[in-house]
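Okay, here's what each chain looks like letter by letter:
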Amino acid sequence: MSASSSAPSGRVLSVLIGEAPPARLDKALARDVPEGEALSRSRLARLIAAGAVRRGEEALTDISARVAAGDEITILLDPPEELETLPEAIPLVVIWEDDDLIVVDKPAGMVVHPAPGSTSGTLVNALLHHCGDSLSGIGGARRPGIVHRIDKETSGLLVVAKTDRAHHGLARQFEAHTVHRHYRALVHGVPDAADPRLRGVRGVGFEPGGILRIVTGIDRHRTDRQRQAVTFTGGRHAVTRARVEERFGQPPVIALMDCWLETGRTHQIRVHLAHAGHGLVGDPVYGGRRKASARALGPEIAAAVDAFPRQALHAATLGFTHPATGEDLAFESPLPEDMAILVGLLRGE
């Protein structure tokens, strides 16, 4: 049981500790704080250290403090802090929006989150302007909750939390790998289970139906910290699946692929397909500066492929369970104009 009330310095949350509480204060609070408050253990730890957690007149400042069943704990929740990141009136393609979350179709060229060298013009700047006061505060700050990202030059669908409960609910789904994400990519070459070269590439195999499966670790490149690299000793476990949708050229030298993620590591699709020898068209980092075959495609189409100005990767579908309502949601985004034009050329349209 719990109740909350208002105080001049912030909102006060009252939590009644239930039977057989965990030994540590932070764990007991994480169990007994109402789910709708969406207070993570890390945030509770910060509140404890700041002296915002009390039992009667006693300030509980040690996360390992013991509590007993029936203890009434009060937590002072400060109003959300305003961040220095400024709202910017940047147009957004909004696919879905409600009180808890927003789904947007990000254009290529937009950075998701501010960082050194990209402090403005980001998706977060745009969301701060678009959402305004509807952001109730993520982790105690008035900001959108970024639970996943796509690269600057990748286009497509992103879900962003507007409330703490949505942020934690979505984060749990991404952690459990229950979010459905499909990407469409143009790659050099056509992956084929009959290709003897692929049978010799470690971590690469095929599943029934011609589905390419790549399983490796992914870690930062040893010498170039801006890049990721495949590893088989350490790194973060990564699994990518992909299947060929269309083949282009005589003989086929470019493929349009449907790729989906079991895990979500930085640059995962780009790194994995490059590892398999099928780097993305236009990828300046992992594509290996591979040139399209003028003989197979014709000189004009080959030149268009080589001139494509970004990695040809689009986050095309996104499905998850709404963290507040429990509704299953699924969204689709068509190929953006630049990729659609290139696919049309490859088809001879």
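Since the model is a prediction, treat every value here as computed from it, not as a measurement. (Residues numbered from 1 in each chain as written. Predicted model: local features only at pLDDT ≥ 70, side-chain atom pairs only at ≥ 80, totals over all residues. Heavy atoms only, no water.)

Draft legend 1. Quick peek at the packing of aromatic side chains. Tallying each qualifying case throughout the model produces two aromatic pairs. Arranged with centres 6.1 Å apart and planes meeting at 35°, the rings of Phe-320 and Phe-331 form a pair that is tilted. Of the two residues, Phe-320 sits in strand S18 (residues 313–321) while Phe-331 sits in strand S19 (residues 328–332), which places them 11 residues apart along the sequence. Judged by relative accessible area, which is 3%, Phe-320 ranks as buried. On the basis of relative accessible area, Phe-331 is assigned to the buried category, the value being 9%. Three or more aromatic residues joined by ring pairs make a cluster, and in this case those are Trp-96, Phe-320 and Phe-331. (Phe/Tyr/Trp six-rings, centres within 6.5 Å; stacked < 30°, edge-to-face > 60°. Helix = DSSP H or I, 4+ residues; strand = E, 2+ residues; numbered from the N terminus. Buried < 20%, exposed > 50% of the residue type's maximum accessible area, 1.4 Å probe, protein only.)

Draft legend 2. Main features of the layout of surface pockets. Taken as a whole, the largest pocket holds about 1300 Å³ of empty space. If you trace the largest pocket, you find 42 residues lining it, with Arg-149, Ile-150, Asp-151, Thr-266 and His-267 closest to the centre. Contributions of two or more residues to the lining of the largest pocket are made by helix H4 (164–175), strand S12 (180–188), strand S14 (211–220) and helix H6 (268–275). Top element by residues in the lining of the largest pocket is H4. It accounts for four residues. Grouping the amino acids of the lining of the largest pocket by side-chain chemistry returns 15 nonpolar, 15 polar and 12 charged. In this structure, the lining of the largest pocket is formed jointly by two domains, domain 2 (93–171) and domain 3 (181–311), each of which donates at least three residues. (1 Å grid on protein atoms, 1.4 Å probe; cavity = no way out; pocket = protein on both sides within 12 Å on 5 of 7 lines; lining within 4 Å. Points joined across faces, edges and corners; volume = space filled by probe spheres on them. Nonpolar A, V, L, I, M, F, W, Y, C, P; charged D, E, K, R; others polar. Domains from an automatic or database assignment.)

Draft legend 3. Molecular detail of the side chain of Gln-228. Considering the arrangement of structural elements, one finds Gln-228 in strand S15 (residues 228–231). Residue classification places Gln-228 among the buried residues on the basis of a relative accessible area of 10%. The residues contacting Gln-228, other than those within four sequence positions of it, are Ile-218, Asp-219, Arg-220, His-221, Thr-266, His-267, Val-271 and Tyr-286. (Contact = heavy atoms within 4.5 Å.)

Draft legend 4. Geometry of unusual backbone geometry. In this chain, Gln-250 is followed by Pro-251 through a cis amide linkage whose omega measures 0°. Considering the arrangement of structural elements, one finds Pro-251 in the loop between strand S16 (236–248) and strand S17 (254–261). Although it is not a glycine, Ala-20 sits at a positive phi angle of roughly 50°. Checked against the element boundaries, Ala-20 lands in the loop between strand S2 (10–16) and helix H1 (25–32). Here Ala-20 falls in the exposed class, since its relative accessible area comes to 65%. Phi at His-177 is positive, roughly 60°, even though this residue is not glycine.

Draft legend 5. Structural view of the pattern of salt bridges. Within the structure shown, the criterion is met by 19 salt bridges. Salt-bridge contacts for Asp-195 lead to Arg-197; the nearest nitrogen and oxygen are separated by 3.8 Å. Judged by relative accessible area, which is 38%, Arg-197 ranks as partly exposed. Salt-bridge contacts for Asp-258 lead to Arg-243; the nearest nitrogen and oxygen are separated by 3.7 Å. Separated by 15 residues along the polypeptide, Asp-258 in strand S17 and Arg-243 in strand S16 bring together distant segments of the chain. We classify Asp-258 as buried; its relative accessible area is 8%. The class for Arg-243 is partly exposed, based on a relative accessible area of 35%. It is possible to trace a salt-bridge network through shared partners that takes in Glu-207, Arg-213, Arg-241 and Glu-262. (Salt bridge = Lys/Arg side-chain N within 4 Å of Asp/Glu carboxyl O.)

Draft legend 6. Quick look at the domain arrangement of the protein. Structurally, the protein comprises domain 1 (11–77), domain 2 (93–171) and domain 3 (181–311). Taking only C-alpha atoms, the centre of domain 1 and the centre of domain 3 are 48 Å apart.

Draft legend 7. Fine view of the packing of helix H8 (residues 299–306) against helix H9 (residues 337–347). Where H8 contacts H9, the two axes come as close as 10 Å, and the packing angle between them is 155°. By the angle class used here, H8 and H9 are roughly antiparallel. Crossing of H8 against H9: the hand is left-handed. The residues of H9 that touch H8, namely those facing Ile-301, Ala-304 and Val-305, are Leu-342, Leu-345 and Leu-346. Here the contact of H8 with H9 is composed, by residue class, of six nonpolar, no polar and no charged. (Axes fitted to C-alpha atoms, helices over the stretch in contact; angles between N-to-C directions. Parallel < 35°, antiparallel > 145°, perpendicular 65-115°, else oblique. Left-handed = near helix turned anticlockwise from the far one by under 90°.)

Draft legend 8. Summary view of empty space enclosed by the protein. Summed over the entire model, instances satisfying the criterion amount to one cavity of 30 Å³ or more. Of the voids in this model, the largest cavity is the one considered here, and its volume is about 30 Å³. The class makeup of the residues in the lining of the largest cavity is four nonpolar, three polar and one charged.

Draft legend 9. Structural view of the side chain of His-188. Looking at where His-188 falls in the secondary structure, it is placed in strand S12. Given the relative accessible area of 4%, His-188 is considered buried.

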